[in-house]
Amino acid sequence: NKDLPRIEASAVHRMDFSGQNLNPQVFDTSANRRAKVPLEEEDDDVVDEFDALEVFDLIRDIMDPEHPVTLEALKVLTLKNITVTGGKHVHVYFTPTVPHCSASTLIGLCLRVKLHRCLPAHFKVDVEITPGTHLQEEQVNKQLADKERVAAALENQNLLAVVHKCLLGVQEDEDAQAHAG
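Residues numbered from 1 in each chain as written. Predicted model: local features only at pLDDT ≥ 70, side-chain atom pairs only at ≥ 80, totals over all residues. Heavy atoms only, no water.

**Here we look at the packing of helix α3 (residues 104–118) against helix α4 (residues 137–145)**
To be explicit about the condition: Structural elements are reduced to axes, namely lines fitted to C-alpha atoms, with helices fitted over the stretch in contact, and the angle between N-to-C directions of any two is expressed from 0 to 180 degrees. Secondary structure elements are defined from DSSP: runs of H or I of at least 4 residues count as helices, runs of E of at least 2 residues count as strands, and each element is numbered from the N terminus. Each angle gets one of four labels, with under 35 degrees taken as roughly parallel, over 145 as roughly antiparallel, 65 to 115 as roughly perpendicular, and the rest as oblique. Two helices that cross are described as forming a left-handed crossing if the nearer one is turned anticlockwise from the farther one by less than a right angle, and a right-handed crossing if clockwise. Only heavy atoms enter the contact rule, under which two residues are in contact if any of them lie within 4.5 Å. In this classification, the charged set is Asp, Glu, Lys and Arg, the nonpolar set is Ala, Val, Leu, Ile, Met, Phe, Trp, Tyr, Cys and Pro, and all remaining amino acids, among them Gly, are polar.
It is at 10 Å that the axes of α3 and α4 come closest, and there the two elements cross at 30 degrees. It follows that α3 is roughly parallel to α4 by the angle criterion. Remark: the crossing between α3 and α4 carries right-handed chirality. Only Val140, Gln143, Leu144 and Ala145 of α4 make contact with α3, whose side of the interface consists of Ser104, Thr105, Gly108, Leu109 and Arg112. Classifying every residue of the contact of α3 with α4 gives four nonpolar, four polar and one charged.

Below, the structure is given as structure tokens:
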């Protein structure tokens, strides 16, 4: 672990992502949404295991730290790259838009935080870069798998603010539109 660079919050806070991928391809994701079941129509007596689609629904709206669009719209996240096994293990692969993406660790951190906040405590969560899609895949994956390093990074308020901005971006926009209308 000593060979790996630390997740430095001050560096992330100062990161300039401009020029990384100036014009990423943005995909229409409107057809990928499933209809929400009204709360009064849900059956409280049915035990429903988490599946890949439910996990995808939890993380699909995380905002990209570089562009004002979701990770789903950039195809950084896809349903096919999420697995849930044994009702207690979630594995998410994400695909950076460019092989040299400097925001990859931050994206992985956002995914980890969101899943740890939303899933039951007994879940094991693995977040990794899709194999072969990033020049520093191994180093980023080691950082994201190191619980102590992730915990230490999240103690920094500047880094936590960046993570929260990515996690809340769409919700804030939707809330603003709802209150404006």
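Text resumes after the structure shown.
**Observations regarding the nonpolar core**
Quick reminder of the rule: For the purposes of this section, nonpolar cores are sets of buried Ala, Val, Leu, Ile, Met, Phe, Trp, Tyr and Cys residues that join through side-chain atoms within 4.5 Å. Residue exposure (1.4 Å probe, protein chains only): buried if accessible area is under 20% of the type maximum, exposed if over 50%, otherwise partly exposed.
One finds Ile59, Ile62, Leu77, Val92, Phe94, Leu111 and Leu115 to be the most contacted residues of the largest nonpolar core, which totals 37 residues. At the level of elements, α2 (52–59), β2 (89–94), α3, β3 (124–129), α4, α5 (147–154) and α6 (157–180) are the ones that each hand at least two residues to this core. It is α3 that provides the largest number of residues to this core, a total of seven residues. Here isoleucine 59 is in contact with Leu77, Ile82, Val92, Leu111, Lys114 and Leu115, once residues within four sequence places are set aside.

**Quick look at the packing of α3 against α5**
One way to put it is that α3 packs onto α5 with a least axis distance of 12 Å and a crossing angle of 90 degrees. Comparing their axes, α5 and α3 come out roughly perpendicular. Here α3 contributes Leu109, Arg112 and Val113 to the contact with α5, which in turn contributes Val150, Ala153 and Leu154. A per-class count over the contact of α3 with α5 returns five nonpolar, no polar and one charged.

**Re α2**
Defined as follows: When we speak of the arc, we mean the arc of directions from the helix axis to the C-beta atoms. Polar contacts, as counted here, are pairs of nitrogen or oxygen atoms within 3.5 Å of one another; within protein the pair requires one atom able to donate a hydrogen and one able to accept it, and residues that are adjacent in sequence qualify only if both atoms are side-chain atoms.
Of the residues making up α2, those classed as buried are Ala52, Val55, Phe56 and Ile59. What you see down the axis of α2 is that its buried residues fit within an arc of 100 degrees, all on one side. Looking at the buried side of α2, the elements it contacts are β1 (82–85), β2 and α3. N-cap assignment for α2: the residue whose side-chain oxygen lies 3.2 Å from the backbone N of leucine 53 is aspartate 51.

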